[in-house]
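# Close look at the chain arrangement
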Amino acid sequence: MSLPMIPSVSDDKLKRNQKEIIQVVLECQSCHSERARDFNDGDFIYKADEKPCDKCGGTLFVRQIYSEIVPKKKAKAKKESH
Ligand SMILES: [Zn+2]
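Small disclaimer: the values here were computed from a predicted structure and weren't measured.

## Thoughts on the overall build of the chain
- Scanning the chain from terminus to terminus reveals one helix and three strands.
- Across the chain, helices and strands are ordered from the amino to the carboxyl terminus as α-β-β-β.
- The burial tally for the chain puts 5% of its 82 residues in the buried class.
- Here the analysis covers contacts within the chain between residues at least 6 apart in sequence; of these, 52% occur between residues at least 24 apart.

Structure, rendered in structure tokens:
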């Protein structure tokens, strides 16, 4: 009697239904308010953002870059299928 192939751990399944997004935390130099936005190419820590603070017009600096695992909203058909 041969054993069936052991399916991958559920962790793998989770990953299929999730995606990684990169977020950037901006901090205003003047009023220290924070805001987050999506990561753009070329962003790095301490980089001055193109847009000024919407509260005081001060310069926003990239304070933190982090990735977040979020569930995919719309279940798409398998990418591998062709
Ligand atoms: Zn500000």
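## A short note on the pairing of strand β2 (residues 34–38)
- As defined by bridge partners, strand β1 (residues 18–28) adjoins β2 across five bridges and the pair is classed as antiparallel. Bridging from a neighbouring strand, E27 pairs with E34 of β2.
- The turn linking β1 back onto β2 is made up of five residues, and H32 within it adopts a positive phi angle of 60°.

## Some details on the sheet that holds strand β3 (residues 60–71)
- Pairing in this open sheet of three strands is antiparallel, and the strands run β2-β1-β3 from one edge to the other. The sheet terminates laterally at β2 and β3, the two strands that pair on one side only. Each adjacent strand pair in this sheet contributes to an overall mean axis angle of 30°, direction not counted.
- With 11 bridges joining them, β1 and β3 adopt antiparallel strand pairing. Of the residues in β3, the one forming a bridge with Q18 is P71.

Basis of the calculations
Residues numbered from 1 in each chain as written. Predicted model: local features only at pLDDT ≥ 70, side-chain atom pairs only at ≥ 80, totals over all residues. Helix = DSSP H or I, 4+ residues; strand = E, 2+ residues; numbered from the N terminus. Buried ≥ 20, exposed ≤ 12 C-beta atoms within 10 Å, placed from the backbone. Contact = placed C-beta atoms within 7 Å. Pairing = 2+ DSSP bridges. Axes fitted to C-alpha atoms, helices over the stretch in contact; angles between N-to-C directions.

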